Amino acid sequence: MKNYLAFFLILTVTAASAHGPLPAPLTAPSDLVRVGLTDSDTIAGGTARLCDQVTFSRGLRYGESEANVLDVAASTTKAQTPRPVLLFVAGDTFTGDRTAPELSRDIQDAAMCFAARNDMIGVRVNYRQAPAATWPRGATDVAAALSWVHGNIDLFNGDAREIVAVGYGAGAFHVASLLAHPELQADHADVAAVVLVSGIYRVGKNASDSEKAYFGTDASQYDKRSVFPGILNVDAPIVLAWAAGDPANLVAQGETLKKTLCGAGHCPRSTILRSRDGIASAFGLDGSGDSLAEPTLLLVHQLEARGLP
């Protein structure tokens, strides 16, 4: 499969406060600031090579908070038909991690360029985080970002009917939570499929400090704030993944979600990644077969083949 590259998803997002009405749709592509990459922007130029002939539009507002921004990456190669969209929502924890912002940006750019180099549009969503923003702000921010994409992605030759939301870590919960709780959804915030990676889907009594910062300290609320049972009503295709080296609780979360979905007749395609510590190993740059690249691209091709109206 072409461009079987590292699908870097250890994405770190920024935090801020206050969420408000969505801004008006963009009026023309000329309103956007487009930014290219140079070797000085990368580690050993690796991201620059991956991002050759990829154009970025950065810091596009989808809400009133400073954290409510997204980036779009698209190939400079012209396409005859609108392209599918990979929308990335991620974060190592519910409170974020700002220890290496420059490294984080390079990793995020690599994931975006993976999409652009494989005939898709990449969209990276930044959202508000705990403790400033608590449940369900992560999911409602994702809903607002999806509404923006539905209204504006045609400016980048993207197809809003073929959005695949890729959630990683805390982002996997926010994507799954949005689908599982219809009351959190906004107009035109639907997706065609989802990829959930190393997520927490139900918080228990042994919640971490990061989880308590987002879900609160009242454990009696945790079940109603989980993705169950609403996730069982989701009919969009799901790819589910976790790493063999994930903490035991993350592995158990993935296994439980898979078993529950299969029991409801909606068995997801699942992948056990070789490693979450080594990005190249996790996403196939080292030639490993334990990668998200192939199942994600297969999912996108299946969406294209079914010919959405």
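Presented here is a report on the structure given in the accompanying data block. Everything numeric here is computed off the predicted structure, so don't read it as measured data.

## Observations regarding the nonpolar core
Phase 1 of the analysis: In terms of nonpolar packing, the biggest core is built from 59 residues, with Val-72, Leu-87, Val-123, Leu-196, Tyr-201 and Ile-231 touching the most fellow members.
Phase 2 of the analysis: Setting aside residues no more than four positions away along its own chain, Val-72 makes contact with Thr-55, Phe-56, Ser-57, Leu-60, Met-112, Ile-121, Gly-122, Val-123, Trp-148, Ile-153 and Phe-156.
Phase 3 of the analysis: Counting 33 residues, the second-largest nonpolar core is a separate cluster that includes Val-164, Val-166, Ala-243 and Ala-293.

## Overview of the pairing of strand E4 (residues 83-91)
Phase 1 of the analysis: Within E4, 9 of the 9 residues are buried, which leaves it mostly tucked inside the rest of the structure.
Phase 2 of the analysis: Pairing geometry for E4 and strand E6 (residues 158-169), over 8 bridges, is parallel. Following the sheet pairing, Ala-90 is matched in E6 by Tyr-168.
Phase 3 of the analysis: Relative to strand E5 (residues 121-125), E4 runs parallel, the two being bridged by 5 bridges. Among the inter-strand pairings, Val-85 is bridged to a residue of E5, identified as Ile-121.

## Examining the state of the cysteines
Phase 1 of the analysis: Inspection of every chain in the model, using the stated rule, returns 2 disulfides.
Phase 2 of the analysis: A sulfur-sulfur separation of 1.9 Å characterises the disulfide bridge that pairs Cys-51 with Cys-113. Because the torsion about its S-S bond is 105 degrees, the bridge between Cys-51 and Cys-113 counts as right-handed. With Cys-51 in the loop between helix H1 (46-50) and strand E2 (54-61) and Cys-113 in helix H2 (residues 101-117), this residue pair connects regions lying 62 residues apart in the sequence.
Phase 3 of the analysis: With its sulfur 1.8 Å from that of its partner, Cys-262 forms a disulfide with Cys-267. Handedness here is read from the sign of the S-S torsion; for Cys-262 and Cys-267, about 55 degrees, the answer is right-handed.
Phase 4 of the analysis: For Cys-267, a relative accessible area of 49% puts it in the partly exposed group.
Phase 5 of the analysis: Taken in N- to C-terminal order, the disulfide-linked cysteines of the chain are connected 1-2, 3-4.

## Regarding the pairing of strand E8 (residues 238-243)
Phase 1 of the analysis: Counted residue by residue, E8 has 6 buried out of 6 residues, so it is predominantly covered.
Phase 2 of the analysis: Burial of the side chains of E8 extends over both faces: Ile-238, Leu-240 and Trp-242 are buried on one face and Val-239, Ala-241 and Ala-243 on the other.
Phase 3 of the analysis: When strand E7 (residues 193-197) meets E8, the two strands line up parallel, connected through 4 bridges. Of the residues in E8, the one forming a bridge with Leu-196 is Leu-240.
Phase 4 of the analysis: Taking the sense of rotation as the criterion, the β-α-β connection linking E7, helix H5 (residues 209-215) and E8 turns out right-handed.
Phase 5 of the analysis: As defined by bridge partners, E8 adjoins strand E9 (residues 269-273) across 5 bridges and the pair is classed as parallel. Each bridged residue has a counterpart across the sheet, and for Leu-240 the counterpart in E9 is Ser-270.

## Concerning the side chain of Asp-71
Phase 1 of the analysis: One can find Asp-71 in strand E3 (residues 69-75).
Phase 2 of the analysis: On the basis of relative accessible area, Asp-71 is assigned to the buried category, the value being 11%.
Phase 3 of the analysis: A distance of 2.8 Å separates a polar side-chain atom of Asp-71 from the backbone nitrogen of Gly-59.
Phase 4 of the analysis: With near-sequence residues (within four places) excluded, Asp-71 lies in contact with Ser-57, Arg-58, Gly-59, Met-112, Gly-122, Val-123 and Arg-124.

Cut-off values and rules
Residues numbered from 1 in each chain as written. Predicted model: local features only at pLDDT ≥ 70, side-chain atom pairs only at ≥ 80, totals over all residues. Heavy atoms only, no water. Core = buried A, V, L, I, M, F, W, Y, C linked by side-chain atoms within 4.5 Å. Buried < 20%, exposed > 50% of the residue type's maximum accessible area, 1.4 Å probe, protein only. Contact = heavy atoms within 4.5 Å. Helix = DSSP H or I, 4+ residues; strand = E, 2+ residues; numbered from the N terminus. Pairing = 2+ DSSP bridges. Disulfide = S-S within 2.5 Å. Right-handed = clockwise from strand over helix to strand, strands pointing away. Polar contact = N/O pair within 3.5 Å; in protein donor to acceptor, adjacent residues only side chain to side chain.

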